[in-house]
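Chains, contacts and geometry: an overview
Each chain is listed here by its residues.
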Amino acid sequence: MSISLSSLILLPIWINMAQIQQGGPDEKEKTTALKDLLSRIDLDELMKKDEPPLDFPDTLEGFEYAFNEKGQLRHIKTGEPFVFNYREDLHRWNQKRYEALGEIITKYVYELLEKDCNLKKISIPVDATESEPKSFIFMSEDALTNPQKLMVLIHGSGVVRAGQWARRLIINEDLDSGTQIPFIKRAVAEGYGVIVLNPNENYIEVEKPKIHVQSSSDSSDEPAEKRERKDKVSKETKKRRDFYEKYRNPQREKEMMQLYIRENGSPEEHAIYVWDHFIAQAAAENVFFVAHSYGGLAFVELMIQREADVKNKVTAVALTDSVHNVWHQEAGKTIREWMRENCCNWVSSSEPLDTSVESMLPDCPRVSADTDCFVILKKNSM
């Protein structure tokens, strides 16, 4: 059994409190003081002192994982599935490791969209300057020129990006379960143009600039000797502060700031932007949407903002576990009526596939996806 540094630090305090509590009423003040001391200790900070460095590989090979011929993530030496608890009792470190792997998988899926699905990566905003933050979507070569059919895919909220339905399914199940690739390949095979949205790519992160505090001696008329003494004291103070900070928080991560992408600062904005600049310009007579979870909410918001255009162009919408709410989003009667006729929401349920599921909202029909753990529409036809 291993004992962490934080436990060793706190153990004497806990023992002391137990001994004091066994004493008489005169010991109450000491108990209160010790409780106050414990309340001031940041356990998260103490836990960080037990962590290995937050320094992870930037490739699948570095993690010693690879996708096999079935699209399953496996360890290249043992053949075992991904193990989250790589280091026992270090949940934060394991979570950071998982997130680092997730970022690599996101880039891997982007590569598959271009190489295996033959999609093009399109930068947005379309008129972005060289220096401003940008996002992107993916499109088939014929997305805007296909005269008949266009398929638009929108994922849900969270860490997923274009081409993904669920990161957890990619890591723990396989690529077919967790990505949009089976949808894209089938759509292309059946003559659809394809547009893949990227509604969670709303900003870029950059490191916060360090604020330089100008020394008072820089602009004073003090004698040189006095300025030198002040500078020396300032440097010593900074040195002590940096040493303390390194001890207090050895795993301190960089302070980041978010720079939002113009007209794409939220999933809803993104859906409207892609509609205005791409989908509305497409030649397809029939446009079909597949929207999962928050993607369904983004579609409803798109319809509220572009009702006439959407009704004119969209033929049908397949929702999966959509979290839209026509009351909270204030969708009008004509929108609700259109959704009843043109949308269907497949929801997590143990009922047989396509069995009607009761809904409290007067919008589109809800039917069973024949699963409690949603694996996106693998059993449903387009």
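Residues numbered from 1 in each chain as written. Predicted model: local features only at pLDDT ≥ 70, side-chain atom pairs only at ≥ 80, totals over all residues. Heavy atoms only, no water.

You'll find the protein chain entered in an unreviewed UniProt entry as ARB2 cotranscriptional regulator A, with Rhinopithecus roxellana given as the organism.

It is worth spelling out the pattern of salt bridges at this point. Inspection of the entire model under this criterion finds 10 salt bridges. Of the charged contacts, one joins Glu-103 and Arg-167 as a salt bridge, the two residues approaching to 3.5 Å between their closest N and O atoms. With Glu-103 in helix α5 (residues 91–115) and Arg-167 in helix α6 (residues 167–172), this residue pair connects regions lying 64 residues apart in the sequence. Assessed through its relative accessible area of 46%, Glu-103 is described here as partly exposed. Put simply, Asp-127 and Arg-262 hold a salt bridge, and the shortest N to O gap is 3.1 Å. (Salt bridge = Lys/Arg side-chain N within 4 Å of Asp/Glu carboxyl O. Helix = DSSP H or I, 4+ residues; strand = E, 2+ residues; numbered from the N terminus. Buried < 20%, exposed > 50% of the residue type's maximum accessible area, 1.4 Å probe, protein only.)

Attention shifts here to the side chain of Asn-345. As for its placement among the helices and strands, Asn-345 is situated in strand β11 (residues 343–347). Filtering out sequence-adjacent residues up to four positions away, Asn-345 remains in contact with Leu-319, Thr-320, Asp-321, Ser-322, His-324, Cys-364, Pro-365, Arg-366 and Val-367. (Contact = heavy atoms within 4.5 Å.)

Turning to the pairing of strand β6 (residues 193–196), a few remarks are in order. Within a regular beta strand, the side chains point alternately toward one face of the sheet and then the other, so they alternate between its two faces. Across the two faces of β6 the burial is the same, with Gly-193 and Ile-195 and Val-194 and Val-196 all buried. As paired elements, strand β4 (residues 135–139) and β6 share 2 bridges and run antiparallel to each other. Note on β6: the bridge partner recorded for Phe-138 is Val-196. Bridge analysis of strand β5 (residues 149–154) against β6 gives 4 bridges, and the strand direction is parallel. Counterpart to Leu-150 in the pairing with β6 is Gly-193. (Pairing = 2+ DSSP bridges.)

A few words now on the sheet that holds strand β3 (residues 120–124). The strand order β3-β4-β6-β5-β9-β10-β11-β12 describes an open sheet built from 8 strands, whose pairing is mixed. With partners counted over all chains shown, the strands left at the sheet margins are β3 and β12 (366–368), one partner each. The mean angle between the axes of side-by-side strands here comes to 20 degrees, regardless of whether they run parallel or antiparallel. Of the strands in this sheet, β5, β6 and β9 (286–292) are in contact with helix α8 (residues 181–189), which crosses β6 at around 155 degrees. Of the strands in this sheet, β5, β9, β10 (314–320) and β11 touch helix α11 (residues 294–305), which is tilted by about 135 degrees from β9. (Axes fitted to C-alpha atoms, helices over the stretch in contact; angles between N-to-C directions.)

Note that soluble globular proteins tend to have their nonpolar side chains buried in a common cluster. Counting 43 residues, the largest nonpolar core has Leu-73, Leu-101, Ile-105, Leu-113, Phe-138, Ile-184 and Val-196 as its most contacted members. Top element by residues in this core is α5. It accounts for 10 residues. Leaving out residues up to four positions away in the same chain, Phe-138 has contacts with Tyr-110, Leu-113, Glu-114, Leu-119, Lys-120, Lys-121, Ala-162, Val-194, Ile-195 and Val-196. By size, the runner-up hydrophobic cluster in this structure holds 38 residues, among which are Ala-143, Ile-154, Phe-278 and Val-287. (Core = buried A, V, L, I, M, F, W, Y, C linked by side-chain atoms within 4.5 Å.)

It is worth spelling out the environment of Arg-92 at this point. Take Arg-92: it is sitting in helix α5. It is 8.5 Å that separates the C-alpha atoms of Arg-92 and Glu-51, two residues lying 41 residues apart in sequence.

So, about the packing of α11 against helix α13 (residues 333–342). Interhelical geometry of α11 versus α13 gives an angle of 130 degrees and a closest axis separation of 10 Å. If you check the angle between α11 and α13, you find them oblique. For the element pair α11 and α13, the recorded crossing hand is right-handed. Taken together, the residues of α13 that come into contact with α11 (itself represented by Phe-299, Val-300, Met-303 and Ile-304) are Ile-335, Trp-338 and Met-339. When the residues that make up the contact of α11 with α13 are grouped by side-chain class, the tally is 7 nonpolar, no polar and no charged. (Parallel < 35°, antiparallel > 145°, perpendicular 65-115°, else oblique. Left-handed = near helix turned anticlockwise from the far one by under 90°. Nonpolar A, V, L, I, M, F, W, Y, C, P; charged D, E, K, R; others polar.)

For the bond from Ile-124 to Pro-125, the omega torsion is -5 degrees, close enough to zero to count as cis. Along the chain, the position of Pro-125 falls in the loop between β3 and β4. Look at Ser-293: it is not a glycine, yet its phi comes out positive at around 55 degrees. Tracing the backbone through its elements, the reader meets Ser-293 in the loop between β9 and α11.

What follows concerns the packing of aromatic side chains. As enumerated under the stated definition, the model contains 15 aromatic pairs in all. Ring centres 6.2 Å apart and planes at 25 degrees place the aromatic pair Tyr-86 and Trp-93 in the stacked group. Given a relative accessible area of 51%, Tyr-86 falls into the exposed group. Overall, Trp-93 belongs to the buried group, its relative accessible area being 6%. Pairing Phe-136 with Phe-138 gives two aromatic rings, centres 5.8 Å apart and planes at 85 degrees, and the pair type is edge-to-face. Just above the ring of Tyr-110 sits the side chain of Lys-121; from NZ or CZ to the centre is 5.9 Å. Between Lys-149 and the ring centre of Tyr-192, over which it is positioned, the NZ or CZ distance is 4.3 Å. (Phe/Tyr/Trp six-rings, centres within 6.5 Å; stacked < 30°, edge-to-face > 60°. Lys NZ or Arg CZ within 6 Å of the ring centre and 35° of its normal.)

Here helix α10 (residues 267–277) crosses α11 at 55 degrees, and the two axes come no closer than 9 Å. If you check the angle between α10 and α11, you find them oblique. As for the relative orientation of α10 and α11, their crossing is right-handed in sense. Across the interface between the two elements, Pro-267, Glu-268, Ala-271, Ile-272 and Trp-275 of α10 pack against Tyr-294, Leu-297, Ala-298, Glu-301, Leu-302 and Gln-305 of α11. Split by residue class, the contact of α10 with α11 holds 8 nonpolar, 1 polar and 2 charged.

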